Amino acid sequence: MSKYDVIVIGGGHNGLTTATILAKSGKKVLVVEKRKILGGIAAGEEFHPGYFTTGLLHDTSGVRADVIKSLQLEKHGLKLENKRSDVVLLSKDGRSVTIKADADATAGELRKISEQDAEAYKAYQEFSRKISKVINDLMDNPPPNVDVENLTMASLVVLAKKGMLLKGLGNKTMMELLKVAPMCVADFLNEKFKTDFVKAGIASPALYGSYAGPWSAYSTINLLLWECASRSCVKGGPQALISALQKAATQAGVEIRTGAEVEKIVLDEAGAARGVRLKGGEEISAMKVAASCTPKETFLNLFDTFELEYELDYWIEKIRSRGTTAKVNLAVNKKVELNGQAVEFARTGNSLDEMEKAFDPVKYKEVTNSPFLDIHIPTVSNPALAPEGHSVVSVLVHQIPYDFKGGWTVETKKKLGEDVLKTLEIYSSGLSQAVAGMEVLSPADLEDRYTLTHGHIYHGEHFVDQLITRPVPSCAHYTTPVSGLYLCGSGSHPGGGITCAPGSMAAAAILKSS
Amino acid sequence: MSKKYDAIIIGGGHNGLINAAYLAKAGKSVLVLEKRHVLGGAAVSEEIYPGFTFSVASYVVSLFRPHIIRELNLAEHGYSIIPMDASFQPLPDGDIGLCRWGDASRSRREIARFSKKDSEVYGEFSKIMTHMAKLAKQVIDHPAPDVASINPKELAALLRMGKVFKNLGPELLQMNTKLLTMSSADFLDLWFESEVLKGPMSVSGIIGTFLGVRSPGTAYVLLHHYMGELDGAFRSWGFSKGGTGGVSMACANAARSFGAEIRTNVDVSCVKIKNGKATGVVLANGDEIESKIVVSNLDPNRTYLKMIGENNLSPEVTSEIKRFKLRGSSGKVNFALSGVPNFCRKREGLEFMKGDIAIVPNVDYVEKAYDQAKYGEFSERPYINIVVPSLTDPTLAPPGKHVMSCFVQYAPFNIKEGAENWPKLADKFGDAVQNTIKEYVPDIDSLVEHRQVVTPWDLQERFGLTEGNIFQGELTLEQLLFQRPISGYAKYKTPIDNLWMSGSGTHPGGGIMGSGGELSAKSILNEKAI
């Protein structure tokens, strides 16, 4: 008899969510985490003596409030804000505009720049609000069963309900959604908006983790998904979520082992997953295994090919997960202002053409020297993350390819750090002189540190064919062709980012099967 | 009082002529009005220089629907296609390049020179693509179902379309999703490794679009190469005897044989509209001709904004039609040559040149050509699709001489100098094409007797294709099916009663398919509009 009901591989936000839900349902659960600390990409870390980040990613606005509630994370110190954070869009000519949670307030801001943009933003938010019911229904529930051959009555009902929901939008909104969803975000925004840097700033989230420029078709659906799912955020950022999750997990009886690297998923004679073997040889048995690492890591590294069902590895290999994100953390010995104001979240981009030009070299495995940045200065709301009066500037650098032709070396990383600083200088003159320490993480570093295949922050690109049946059709419902093995990470529906959604839906699937 | 026709068709391109033929065959009185002195629209042959006949715009035939040939007896009327048996990819470094042949095993041997793995996968790839092409055919041979409707007939059509996918199984279904959404380069990467193979295969996904081979949404056009129906031959592309105009002539002859009247050099200035109904057309010279219905074969932009006019449209429809994108991206350069332009002297004979010749040495080459176009320049080193039809059809050029037709991408309509400045750049553009070809045919300069440069501006001014878009509108997903040209008016109808559409700007889109003309005519007859 195994000691554990379920072993969860990976102690990131999704792994901990799965583990905690299972434990709360009375299961005996073990979480094994490769790193010495919990949290995965949500973990805050000291990157320079005395300076801390709050996680690799910045944005927690997609976190599922219902999951937070069901795990009672608020009891464990988590504070949820029922709105997303203000984001400042920066223009290199010194202008900036704040995108606020409230559409009218944002329109008021935009009016200072352009009346047309103010109206366009209101219309855009109104459209997002209308469709958010459909989008969130998709994001909040397990994916519908699209296996036409084996349709059951129950899955037909689910499909029909989704159809009704879509029809419920009314013809005009539904047709508009069908019209704009496949469009490229540049065409979508150019139809309505006027100011270049505003368009660029609004477009940004569509391009994160998607191997796309603003001229790439289907980028609009990514933008709308983000817009609709982005509802509330965690005070203190991803690390605060991890702290609360850790407490909740421990209290629910989850056993956690850090520094425990899984080398292989152990199968029984019938080919069912029955535990894991750690590096060093220790084997731990369990009734079930849930992997929150990437699907590619799970199937291509934790199995031997011959153990996999015919063609499963073929489909897993076809998952596109070309990382295009790097991270630069700056320790700065002063308060940092961007375009003359203290801001916590900011985006650069300047124009859709400039963003497209930043993407062009990615296709040839080259690196742009003017990347667009997603900036978070966590010390604005939490000064304790740095020595008094100092700042942490956390920068997600977009359109930086994993498979850089020159390879990621000390020199190329140094160049990347310099280019990022040069870009930041435009918005914060004199910043470079105040930098006391800098950490540059190339996509290859992200792969090494977080076991992100090809450095992809979402465990696989967000793209039409990799949504819904994410990561591949035979694993789309958190179950896999390997009996007893489940997927519970960002590689599953509804995808990456700090949402806890895959983790919670995977837990439900595991409970349903036992 | 002149005669009142059952139908007047504006535009004597192949779709307009097919439409006319179907209506006339059903016993209707039909009049076709063509602005130019020749019929055919973009599917036209013209003797531009004495003795040299060019397919000025469209240059190959691949997707023409076989049932149209049958139903309209086109073969009797001169429809004759010479299949292309080869597809050649020259290389600039003096290698013998890659030629894919009608004979699949011969192609595989050629591919194996570059990659053994690719030659093995090639057959499997073709099999899957052929399978999916069969599904696609079902879609192009029916009017697009209206997803907004709850009319049981429409729901049934939707269901029928859904059933097409039923037997795929989840994996193939996902492959289908990938095919519909991915970029052609990414999609080919799932199968092949050799650039020499992927380059020329990938470009079939971008012809006529303002997209690159790495742009999502370009993969599905790969299917076109597996949808051809010319006796099941490889890729099933072919030349029309006497140039592409031959197809149009056959359609015109068929239409006439059923009693349709066709007039050239007649410029229609607008549709005559009374109480929201079309009642005929007004000509540029002020004459009016009456009819029960009018069918516009012009692109959606011209049909709505010129033939109907904003004052007859609601603001919603006007704004929707203005959203319809027609950014042209290609040009043509046609050469009259004093001899054979040999693209590979290391190969024996000229068989390898009797199909198309694609200048696209690798995937990045063509993507870089696109990058340049995105920011408003024509590509310095463009993708060129070349055919030398006089090798198979000697009637096109004087003895010993040849015509060489070059389809060139990218030539964006909206260049940064402003589209109206294209005429000033035409020569420079022609030079870029000729210089690119020179890397493969070193003696090209001495062979050129004449050169005709057709810029996207010319396509607009001469052929009436707004923004020079050869498909009468971009073939992106949001402009296909029930959204082509705009939702609510996708079934060949317009907001004006008795005004119909039949061109490539309607479902299923561009290419010389004839479907627009056919499906439109059948819808008109089904609804007993006349």
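Whenever strands of a sheet pair, they do so through backbone hydrogen bonds, lying parallel or antiparallel. Residue and element names in this part refer to chain B. Pairing is mixed in the open sheet, where 7 strands are placed in the order 7-6-14-15-16-13-17. Every interior strand has two partners, whereas the edge strands, strand 7 (98-101) and strand 17 (448-454), have only one. In this sheet, neighbouring strand axes are inclined to one another by 20 degrees on average, regardless of whether the strands run parallel or antiparallel. Direction of pairing for strand 13 (residues 330-337) relative to strand 16 (residues 402-409): antiparallel, over a ladder of 8 bridges. Following the sheet pairing, asparagine 334 is matched in strand 16 by serine 405.

Once that is clear, we can look at the pattern of salt bridges. By the definition in use, this model includes 70 salt bridges over all chains. Between lysine 92 of chain A and glutamate 354 of chain A there is a salt bridge, and its shortest N-O distance comes to 2.8 Å. Of the two residues, lysine 92 of chain A is situated in the loop between strand 6 (87-90) and strand 7 (96-99) and glutamate 354 of chain A in helix 13 (residues 352-363); the sequence distance between them amounts to 262 residues. The exposure class assigned to lysine 92 of chain A is partly exposed, which follows from its relative accessible area of 44%. For the salt bridge of glutamate 109 of chain A with lysine 112 of chain A, the shortest nitrogen-to-oxygen distance reads 3.3 Å. Since its relative accessible area comes to 18%, glutamate 109 of chain A is described here as buried. One salt-bridge network, in which partners are shared between bridges, spans Arg320, Arg322, Glu461 and Asp465 of chain A together with Lys178, Asp186, Arg214 and Asp364 of chain B.

With that out of the way, let us pick up the sheet that holds strand 15 (residues 372-376) of chain A. Residue and element names in this part refer to chain A. Spatial strand order, 7-6-14-15-16-13-17: 7 strands in an open sheet with mixed pairing. Edge strands, defined here as strands with exactly one partner in the open sheet, are strand 7 and strand 17 (435-441). Averaged over all adjacent pairs, the angle separating strand axes in this sheet is 20 degrees, with direction ignored. Across 2 bridges, strand 6 lies against strand 14 (residues 345-347) in parallel orientation. Bridged to valine 88 within strand 14 is alanine 346. Strand contacts of helix 14 (residues 410-427): strand 6, strand 13 (325-332), strand 15, strand 16 (391-398) and strand 17, with the helix running at about 125 degrees to strand 17, the strand carrying the most contacts.

A few words now on the domain arrangement of chain A. Residue and element names in this part refer to chain A. By the assigned domains, chain A splits into domain 1 (4-70 + 236-320 + 462-513), domain 2 (104-230) and domain 3 (325-401 + 405-441). Taken together, the 11 residues of domain 1 in the interface contact 23 residues of domain 3. When the buried surface of domain 1 facing domain 3 is broken down by residue, Phe47, Tyr51 and His58 rank first, second and third, together holding 53% of it. Inspection of the domain 1/domain 3 interface yields 0 salt bridges. Between the two partners, domain 1 and domain 3, sit 6 residue pairs in polar contact (both at pLDDT 80 or more). Residue assignment for the side of domain 1 that touches domain 3 shows that the elements contributing at least two residues are strand 3 (46-48) and strand 4 (51-52). When the residues that make up the side of domain 1 that touches domain 3 are grouped by side-chain class, the tally is 5 nonpolar, 6 polar and no charged.

What counts as what
- Residues numbered from 1 in each chain as written.
- Chains lettered and ligands numbered in written order.
- Predicted model: local features only at pLDDT ≥ 70, side-chain atom pairs only at ≥ 80, totals over all residues.
- Heavy atoms only, no water.
- Pairing = 2+ DSSP bridges.
- Helix = DSSP H or I, 4+ residues; strand = E, 2+ residues; numbered from the N terminus.
- Axes fitted to C-alpha atoms, helices over the stretch in contact; angles between N-to-C directions.
- Salt bridge = Lys/Arg side-chain N within 4 Å of Asp/Glu carboxyl O.
- Buried < 20%, exposed > 50% of the residue type's maximum accessible area, 1.4 Å probe, protein only.
- Contact = heavy atoms within 4.5 Å.
- Domains from an automatic or database assignment.
- Buried area = accessible area lost by both parts, 1.4 Å probe.
- Polar contact = N/O pair within 3.5 Å; in protein donor to acceptor, adjacent residues only side chain to side chain.
- Nonpolar A, V, L, I, M, F, W, Y, C, P; charged D, E, K, R; others polar.

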